[in-house]
Amino acid sequence: MIYFVKRKGAFIYFLLCMFVSLFFTYIGSDQNEFIDFPHFTIKILPLYIDIVFTAFFAFLLFFDPKAKIDVVSFLLILRLFVHCIPIFYVGMTTHFALNFIVSLLCFFVYLIHLNDNDCGKYLIAGFKIFFYMLCFQIVTEAFIGSHSFFENVYFYKIDMALPIGSSNALAAKIVPIFAILFIIERNKNVKFLLTVLVVIAVALTKSRSGVFGLLFVLIIALSWRGNFLIKDFFKIFLVAFLIVTVSSYFLLQSELGMLVFSDSDSSIIERNNLIQDGIALFWKHPFFGNGFYYFDLADNPHNWFVDVLMRSGFAGLCLVCAFFIKIWLDIKIFLCDSLVRGCFVAILCMLWQGLAEIVLFGYIQDIILWSIIGLMMARVAYLKNRVEI
């Protein structure tokens, strides 16, 4: 039994965490009144359940003599220390403990998936289960919700709520997973099914970032095979032109398409104001940021770049650059591998969506992000060993 859990650890861990996120919600959540899909309401944060799962699988990993740790792992540890530095000049806040635990969670999520012994064979099955379940939930919520798809956009998006998130947050989870599944899938019929499902799901969320993220994924997935030749760039340009032209006409000219974007000017202005407030707060402590103290002073800017500056300053930004550089140096020669490329495109998609409408550093989003990064680096390590042999 223990051997089975260790062997399929990443798969089991991911499914357990996503099952909790899909079907359980905290009794005090403001979102509960809008959730129509059958779910369980509990008296503790679902995050605490995920922490228990994480502790269990991290414990198994600790006693595994073959467990590996890499540079990205050390950078995640360093990030924990950077988060602690602002305590010395802004003090401890009520927001610190929980947010620090989430940062620690990212480290263990990455380690669990980095040490996936099956290099994603079973984890991909977990991604598929999660994708289909979330699509089903979105479609069901759209039909049984209080507001029709054709009603006011603002009220519809508020009502499009599930235990795992609402509207933009739903699109931010389903599109990156779709990117991986679509790119690694060889069967054209399955590819078509995945595309139909994700188009329906994203359309029902009415998420702008979801729509643009999906267009980005389709452009890259249909035109790029991991090479950097002139013909590849030409193919990307051609596919992008065709997809953007057709989608722009539908989204901006058709009556149905306008439903996704209408009545949204106020939200765009509000997000811009949040970013401006975040930048102003960053300049108060530009070197190491405001830590998690910033939650007492400003709302989340819904922009991961500004979020990093607000909480960690230039030090945090340097760490992010170090993450990107290290990951890129490791994966660049293996992008022809469909799994590595699929994970890479999914990460780019999440970063793109995190610039506007979603909170990239929410714990559910973090689990998905670091699961994908861990899987990608595990696959790269496997390919490196195979080349050396």
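Residues numbered from 1 in each chain as written. Predicted model: local features only at pLDDT ≥ 70, side-chain atom pairs only at ≥ 80, totals over all residues. Heavy atoms only, no water.

*Asks:* In this structure, what is going on with helix α2 (residues 9–23)? I would like to understand it.
*Replies:* Because each turn of an α-helix spans 3.6 residues, side chains separated by three or four positions end up pointing in the same direction. Taking 1.5 Å of rise per residue, 15 residues should cover 21 Å, and α2 covers 21 Å from first to last C-alpha, within 8% of that figure. Most of α2 sits inside the fold, with 12 of its 15 residues counted as buried. Listed as buried for α2 are G9, A10, F11, I12, Y13, F14, C17, M18, V20, S21, L22 and F23. (Helix = DSSP H or I, 4+ residues; strand = E, 2+ residues; numbered from the N terminus. Expected span 1.5 Å × (residues − 1). Buried < 20%, exposed > 50% of the residue type's maximum accessible area, 1.4 Å probe, protein only.)

*Asks:* Even after reading the chapter, I still don't get the packing of α2 against helix α3 (residues 46–62), so can you show me in this structure?
*Replies:* Between two packed helices, the angle of one axis relative to the other and the distance separating the axes together describe the packing. It is at 9 Å that the axes of α2 and α3 come closest, and there the two elements cross at 170°. The orientation of α2 with respect to α3, classified from their angle, is roughly antiparallel. Within the contact between the two elements, α2 uses G9, I12, Y13, L16, C17, V20 and S21 and α3 uses P46, I49, D50, F53, T54 and F57. Residues belonging to the contact of α2 with α3 are distributed by class as follows: nine nonpolar, three polar and one charged. (Axes fitted to C-alpha atoms, helices over the stretch in contact; angles between N-to-C directions. Parallel < 35°, antiparallel > 145°, perpendicular 65-115°, else oblique. Contact = heavy atoms within 4.5 Å. Nonpolar A, V, L, I, M, F, W, Y, C, P; charged D, E, K, R; others polar.)

*Asks:* Please explain the side chain of Q353 as it appears in this structure.
*Replies:* Here Q353 lies in helix α16 (residues 338–353). Side-chain polar atoms of Q353 contact the backbone oxygen of A171, separated by 3.5 Å. (Polar contact = N/O pair within 3.5 Å; in protein donor to acceptor, adjacent residues only side chain to side chain.)

*Asks:* Got a minute to help me understand the packing of aromatic side chains in this structure?
*Replies:* What describes a pair of aromatic rings is the distance from one ring centre to the other and the angle between the planes of the rings. Across all of its chains, the model carries 25 aromatic pairs by this definition. On the basis of an interplanar angle of 85° and a centroid distance of 6.1 Å, the ring pair of F37 and F136 is categorised as edge-to-face. Here F37, found in the loop between β1 (24–26) and β2 (40–42), pairs with F136, found in helix α7 (residues 121–144); they are 99 residues apart in sequence, far enough to count as distant. Here the aromatic rings of F282 and W283 are separated by 4.7 Å at their centres, their planes lie at 50°, and the arrangement is tilted. Given a relative accessible area of 4%, F282 falls into the buried group. Given a relative accessible area of 56%, W283 falls into the exposed group. (Phe/Tyr/Trp six-rings, centres within 6.5 Å; stacked < 30°, edge-to-face > 60°.)

*Asks:* Explain the nonpolar core to me, please; I cannot follow it from the model alone.
*Replies:* Nonpolar side chains tend to gather and get buried jointly when the protein is soluble and globular. The biggest cluster of nonpolar side chains holds 99 residues, and the ones touching the most others in it are F127, I174, W370 and I372. Here W370 is in contact with V72, L76, C106, V109, Y110 and F323, once residues within four sequence places are set aside. (Core = buried A, V, L, I, M, F, W, Y, C linked by side-chain atoms within 4.5 Å.)

*Asks:* Would you take a moment to explain the pattern of salt bridges for this structure?
*Replies:* One side chain can pair with another of opposite charge once the charged atoms of both are near each other. On inspection of all chains with the given rule, the structure shows five salt bridges. The partner of E185 in a salt bridge is K128, and the shortest N-O contact between them spans 4.0 Å. Linking E185 in the loop between α9 (168–184) and α10 (188–205) with K128 in helix α7, this pair joins segments that are 57 residues apart in sequence. Given the relative accessible area of 16%, E185 is considered buried. As a salt-bridge pair, K384 and D330 come within 3.3 Å of each other at their nearest N and O atoms. (Salt bridge = Lys/Arg side-chain N within 4 Å of Asp/Glu carboxyl O.)

*Asks:* Teacher, can you tell me more about the packing of α9 against α10 here?
*Replies:* Where α9 contacts α10, the axes come no closer than 10 Å and their chain directions differ by 170°. Relative to α10, α9 is oriented roughly antiparallel. The segment α9 lies against α10, with L170, A171, I174, V175, F178, L181, F182 and I183 engaging K191, L194, T195, V198, A201, V202 and T205. Classifying every residue of the contact of α9 with α10 gives 12 nonpolar, two polar and one charged.

*Asks:* Mind showing me how you'd approach a nonpolar patch on the surface here?
*Replies:* A grouping of F88, Y89, I279, W283, F287, F288 and F314 is seen on the molecular surface, where their side chains present a nonpolar patch of about 810 Å² in accessible area. Here W283 shows up in the loop between α14 (265–282) and α15 (304–331). (Patch = residues over 30% accessible without salt bridge, like charges linked within 9 Å, V, L, I, M, F, W, Y side chains within 5 Å. Areas by Shrake-Rupley, 256 points an atom, 1.4 Å probe, with all protein chains shown as cover.)

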